[in-house]
Amino acid sequence: MATAISANKAELLAIANAVASEKMIDKSIVIEAMEEAIQKAARSRYGAENDIRAKLDPLTGDLRLWRVVEVVEEVDDYFKQIDLKAAQKLQSDAKLGDFIVDPLPPVDLGRIDAQSAKQVIFQKVRDAERERQYEEFKDRAGEIITGVIKSVEFGHVIVNLGRAEGVIRRDVVEVVEEVDDYFKQIDLKAAQKLQSDAKLGDFIVDPLPPVDLGRIDAQSAKQVIFQKVRDAERERQYEEFKDRAGEIITGVIKSVEFGHVIVNLGRAEGVIRRDQQIPREAARVGERVRALITKVERNNRGQQIFLSRAHPDFMKKLFAQEVPEIYDSIIEIKAAARDPGSRAKIGVISHDSSIDPVGACVGMKGSRVQAVVQELQGEKIDIIPWSEDTATFVVNALQPATVARVVLDEEEGRIEVVVPDDQLSLAIGRRGQNVRLASQLTGHQIDIMTEEEASEKRSKEFAERSKMFEEELDVDETLSQLLVAEGFAELEEVAYVEMDELASIEGFDEELAEELQNRAKEALDRHEETARAERRELGVEDDLAEIPHLTEQMLVTLGKAGIKTLDDLADLATDELIAKKREAPRRRANADGPPMRRPSIREQDKGGVLGEYGLSEEQGNEIIMAARAHWFEDEVEAAPAATDEAPTQEAADADSTQ
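Every value quoted in this text rests on a predicted model; they were computed, and no experiment measured them.

Undergrad: Help me out: how do you make sense of a nonpolar patch on the surface in this one?
TA: Side chains of Ile225, Phe226 and Val229 sit close together on the surface and give an oily, nonpolar patch of about 290 Å² of accessible area. Within the element layout of this structure, valine 229 appears in helix α7 (residues 215–241).

So this is what it looks like as structure tokens:
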């Protein structure tokens, strides 16, 4: 068989035909065995972690070999899976669930590989032959058959029946009521002939002389021992590393496979995935490398130790090693953000007022921070004092740019930062790097604008709100502008604000305030009626209008999204209903173009159907549960009905007794 694997196309097919004919099995089984043998040999050559496939054409004998990776949303096995973004770089039309095929050259099998392939093929052929023998003889119990004695093993006579073998038992071991395995079991009657006091469940012992293991038996025993030792070693490695996530560990680069760096950690191996390496950092076999243990997983092949040099925690741990005050918890790194290999920012705070956190991290003549920078391949690090005040922390995070004003939008989780015109490029940074890292550091989306842009935005908002009040409340321009200047932005605010607050505006009295509130409520009623008519035109059921927290305008939005019945609404999850929309960043067209605006660390998120209305999670849950209430009405009605039947049946029994 070893020669069969390395033979030419015609010989491969001839061997497959000969084996199938000799063993009286289907040729496809032999072909499949050859493919599996070649796959096994290829995996030993290209790495057992990879999904290697082989295909042997049963007509031409052509052999194809390829590596397959599956396109998934979140990668668990970086040797067999790939995320969508990376897949689309390799194959532009790739989508989730696809398989990316990487053709490989045929392997030239050596002696050991050929021997392994031979074992695989033999096992497949043997299994197919046994199945064929079973199907041939399974319905012939009770027949007399003639054969030739082949051998005698431990008193059992092995008989050659032509296309199969049979056994005439001498003895078995376990006493059972019904025999399934004639080599290991014996019925009670036969057992009592050998041992008079035998009973069900006993074992008949037949001492055997020591065996003299031959080469093949010794090889099999060696494989069993190696497998047991390997399993024990994997379990020991998992137990050793499972609680060490978050530690920095040093190892030696063993190999680089498909961009992933395999690191020898002494008594185990770890992997630094391609996306967890510092860009443009050369990994050379035999070099020592430090990395952060991010995750330890157990799988069928043993443990997998995932390492990272790009994770922000790696930088934080390096500072803890270089700065004693951080190790002793006198100084704390509250936040960190990295653009690996280029630039990073950390926010630090001191729990001892006599110690400057920034100076302690920098060290004498920058010695401490330089040690970290060298480990990170020259990555520039901005050390920023952390502050509980969000606005102050944002100003610090955007250094070295000067900030004129910060406007917080806590509801949307966004921050508008106004900078002088000459500071705009500095605040945004090259390719938006500075503001992107500041967004990651603070956990807020940051919009950068100049004072001129901020002034234009405020003027536009003031004009739009003034016009809205002027049209909806039927007031003059002066009165509408006065309302906006006092901070009113929506009709609801005018309609439901306290009367005293509205009347206290300079130039207003109670009569004017009451009139404005009445007009605001009438305008809201008009909007509600218009929305109700549009909702009915869209075919949204009236049952939805009875659900709490839903306004007519919300129902119109639901109708436009195709949600028109209780069942349609009940099928949604809370996030699908109320999740807020996150805007994608607006980017400049090229490096020489205008600065980019609205950088964001998040990809575009379309949000929930009602995401624009600001509903809370609790309100969303109430809406969904109210929509699902009719699903349980039948069960609620069935319970009282069953209770009512019981007294009726008891009364009937009492009448029959009388």
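Structure shown, so let's carry the discussion forward.
Undergrad: Is there a simple way to explain the packing of helix α15 (residues 451–473) against helix α16 (residues 477–485) in this structure?
TA: Helices that pack against each other are described as a pair by the angle of their axes relative to one another and the distance between those axes. Relative to each other, α15 and α16 sit at 125°, their axes nearing to 8 Å. Looking at the two axes, α15 sits oblique to α16. Regarding α15 and α16, the two cross each other, and that crossing is right-handed. Contacts between α15 and α16 pair Phe462, Arg465, Ser466, Phe469, Glu470 and Leu473 from the former with Glu477, Ser480, Gln481, Leu483, Val484 and Ala485 from the latter.

Undergrad: Even after reading the chapter, I still don't get α16, so can you show me in this structure?
TA: The periodicity of an α-helix, 3.6 residues per turn, causes residues three or four places apart in sequence to face the same way. Looking only at α16, the buried set comprises Leu479, Ser480, Leu483 and Val484. Looking straight down α16, one finds its buried side chains confined to an arc of 140°; they lie on one side. Along α16, the residues that are exposed and aim more than 90 degrees away from the buried face are Thr478 and Ala485. If you follow the buried residues of α16, they end up packed against α15, α18 (499–503) and α19 (510–538).

Undergrad: Honestly, the packing of aromatic side chains in this entry has me stumped. Any pointers?
TA: Aromatic rings in a pair are described by how distant their centres are and how their planes are angled relative to each other. Within this structure, the stated rule accounts for one aromatic pair. One Lys or Arg, lysine 295, reaches over the ring of phenylalanine 306 and ends 5.3 Å from the middle of that ring. Against the face of tryptophan 386 rests lysine 334, its NZ or CZ located 4.8 Å from the ring centre.

Undergrad: How should I be thinking about the pattern of salt bridges in this particular structure?
TA: Pairing is possible between side chains of opposite charge, provided their charged atoms come close. Per the counting criterion, the structure on display carries 25 salt bridges. With a shortest N-O distance of 3.7 Å, lysine 95 and aspartate 98 are connected by a salt bridge. Arginine 273 is paired through a salt bridge with aspartate 275; the nearest N and O atoms lie 3.5 Å apart. A relative accessible area of 10% means that arginine 273 is categorised as buried. Given the relative accessible area of 44%, aspartate 275 is considered partly exposed. A network of salt bridges, in which partner residues are shared, links Glu529, Arg532, Arg535, Arg536, Asp542 and Glu552.

Reading guide: rules and limits
- Counting restarts for each chain, with residues numbered from 1 along the sequence as it is written.
- Per-residue local features of the predicted model are confined to residues with pLDDT of at least 70, and side-chain atom pairs are confined, for both listing and counting, to 80 or more; whole-chain, interface and lining totals are unaffected and use all residues.
- Working from all heavy atoms in the structure, the side-chain values ignore hydrogens and water.
- Any residue with relative accessible area above 30% and no salt bridge may belong to a patch, with like charges joined within 9 Å and the nonpolar Val, Leu, Ile, Met, Phe, Trp and Tyr side chains within 5 Å.
- Computed by Shrake-Rupley with a 1.4 Å probe, the accessible areas treat only the displayed protein chains as cover when residues are assessed.
- Salt bridges, as used here, are contacts in which a Lys or Arg side-chain nitrogen is within 4 Å of a carboxyl oxygen on Asp or Glu.
- Labels follow the DSSP assignment, with helices taken as runs of H or I lasting at least four residues and strands as runs of E lasting at least two, numbered in each case from the N terminus.
- Note on method: axes are straight lines fitted to C-alpha atoms, helices fitted across the in-contact stretch only, with angles between N-to-C directions ranging 0 to 180 degrees.
- Note on terminology: angles under 35 degrees are roughly parallel, angles over 145 are roughly antiparallel, angles of 65 to 115 are roughly perpendicular, and the others are oblique.
- The sense of a crossing depends on the near helix, which, turned anticlockwise from the far helix by less than a right angle, makes the crossing left-handed and, turned clockwise, makes it right-handed.
- Every residue pair with non-hydrogen atoms within 4.5 Å of one another is taken to be in contact.
- Buried, partly exposed and exposed residues are distinguished by accessible area as a fraction of the type maximum, computed with a 1.4 Å probe on protein chains only: under 20%, between the cut-offs, and over 50%, respectively.
- The directions considered for the arc run from the helix axis to the C-beta atoms.
- Only the six-membered ring of Trp is used, alongside the rings of Phe and Tyr, when aromatic pairs are assigned; centres must lie within 6.5 Å, and planes under 30 degrees apart are stacked while those over 60 apart are edge-to-face, with the rest tilted.
- By definition, being over a ring means that NZ of Lys or CZ of Arg is both within 6 Å of the ring centre and within 35 degrees of the ring normal.

By themselves, these are just geometric observations and shouldn't be taken as functional.
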